[in-house]
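Examining the three-dimensional arrangement
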Amino acid sequence: MIDLTTTLGPLELRTPLIGAAGTVGSVVDFSGVADLSMYGAAVAKSVSEDPWPGRPAPRLAPSGAGMLNSIGIQNPGIAAWVEEFGAHLEGMGAPVWGSAVGKNPAEFARVAARLEQAGVQAIEVNLSCPNLEGHGMFALDATATRDVVWKVRQAVDIPIGAKLSPNSEEISVIGRAAVEAGADWLVLTNTVWGAGIDVRTRRPLLTGLIGGYSGPPLKPIALRCVLETRQALPETPIVGCGGVTGGEDVIEFLLAGASAVCVGTAHFDHPRAASRIIREVESFMAEQGTTSIRDYVGRVEMW
Ligand SMILES: Cc1cc2nc3c(=O)[nH]c(=O)nc-3n(C[C@H](O)[C@H](O)[C@H](O)COP(=O)(O)O)c2cc1C
């Protein structure tokens, strides 16, 4: 009997797969197309206090083996979000987590509090969105990261994860700031900055010019973030996130030190990708004679 359950800080997850924010809609709408029982949790698209219109199209573009996006965190604002989805969060087949964004720490905290009231079981703090009242993004700066996570920690009782950026110079320094401020785990990572140009029209592939690059080319970068952070903060629970498309990608992130792993861009190839990935994880474990997924966590063998 194969045991896929895993522990992420204070939470027990049924499987190590997490539906990545922004790739499974509100989760409520995604439940109509995918089997949510494959996930240990699914994270709804990030939501802010006021509605954000997002960027104009084109804002999604395939590029190499990955995908560029500059959605601009389009969302209806927390009040409309709660009204539309709040009553449906129970019984989705997987625990629904929220994802909070804001222009400043106080806004993050107010959004997180509303998400908690609405019934989400945990909250990702999306520090890798633009810092709209300053420059760059929160996750590039340890003090800004600490301020946001601290405010959210004061505002909610449910577990929180801090979602960081592969663009930060020293991700473990940012990760330490998030954990010291009260994050229960780190999500490593969000998309990496990227861009593309259509050589015929000479226009950028995205109206936002620079966007987030995701999918398989992100995997080595995200794995590097997990390995570095695990070395610096061995006790901190980690969610690996970046370029997972198959069962062996999941095992790779677990070996690097993640306790759970997001599936994101793979949903654009197939919304039911998680069902296949779980089958592949199980057959890999059967082949290896491993019964518990936990036996892989952090078990990379150093040269
Ligand atoms: C279209 C799109 C929208 C996204 N929106 C969000 C979002 O709202 N909040 C967030 O934290 N991450 C967002 N992400 C980032 C993903 O959750 C994930 O961190 C990233 O895509 C890397 O994983 P992947 O390579 O498996 O896609 C988005 C990604 C994509 C492709």
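The structure under discussion appears in the preceding block.
Figured I'd write up the structure that's included with this text. These figures come from a predicted structure and were not determined experimentally. (Residues numbered from 1 in each chain as written. Predicted model: local features only at pLDDT ≥ 70, side-chain atom pairs only at ≥ 80, totals over all residues.)

**Quick notes on the site of the ligand**
This is how the line gets drawn: In this entry, near means the residue's backbone-placed C-beta atom lies within 6 Å of the molecule or strand. Gly is placed with the polar residues, together with every amino acid not listed as nonpolar (Ala, Val, Leu, Ile, Met, Phe, Trp, Tyr, Cys and Pro) or charged (Asp, Glu, Lys and Arg).
Looking at the ligand, there are 25 residues lining it, with Ala20, Gly22, Ser214, Gly264 and Thr265 nearest. Classifying every residue of the shell around the ligand by side-chain character gives nine nonpolar, 14 polar and two charged.

**Some points on helix α2 (residues 105–118)**
An α-helical turn contains 3.6 residues, so any two residues separated by three or four positions project in the same direction. Applied cut-off: Where helices and strands are cited, they refer to DSSP runs of H or I of at least four residues and of E of at least two residues respectively, numbered from the N terminus. Residue count minus one, scaled by 1.5 Å, sets the expected span of a helix. Partly exposed residues are those whose C-beta has more than 12 but fewer than 20 other C-beta atoms within 10 Å; 20 or more makes a residue buried and 12 or fewer makes it exposed, with C-beta atoms placed from the backbone. By the convention adopted here, residues make contact when the C-beta atoms placed from their backbones lie within 7 Å.
Look at α2: 20 Å from first C-alpha to last across 14 residues, which is about the 20 Å you get at 1.5 Å a residue. If you check which residues of α2 are buried, you get Pro105, Glu107, Phe108, Ala109, Val111, Ala112, Arg114, Leu115 and Glu116. Packed against the buried residues of α2 are α1 (78–85), β7 (96–100), β8 (123–126) and α3 (142–155).

**Here's the deal with the pairing of strand β9 (residues 160–163)**
Formally: Pairing between strands is defined by DSSP: at least two bridges between them are needed. Looking down the strands as they point away from you, a crossover is right-handed if its path from the first strand over the helix to the second goes clockwise.
Alternating residues of β9 divide into Ile160 and Ala162 and Gly161 and Lys163, and every residue in both groups is buried. In this sheet, β9 lies alongside β8 in parallel orientation, the contact comprising four bridges. Paired with valine 125 across the two strands is alanine 162, which belongs to β9. The pairing of β9 with strand β10 (residues 185–188) spans three bridges and is parallel. The partner of glycine 161 across the bridge, within β10, is tryptophan 185. Between β9 and its parallel partner β10, the chain crosses via helix α4 (residues 171–180), and the hand of that crossover is right-handed.

From the geometry alone we can't say anything about function, so treat these as descriptive.
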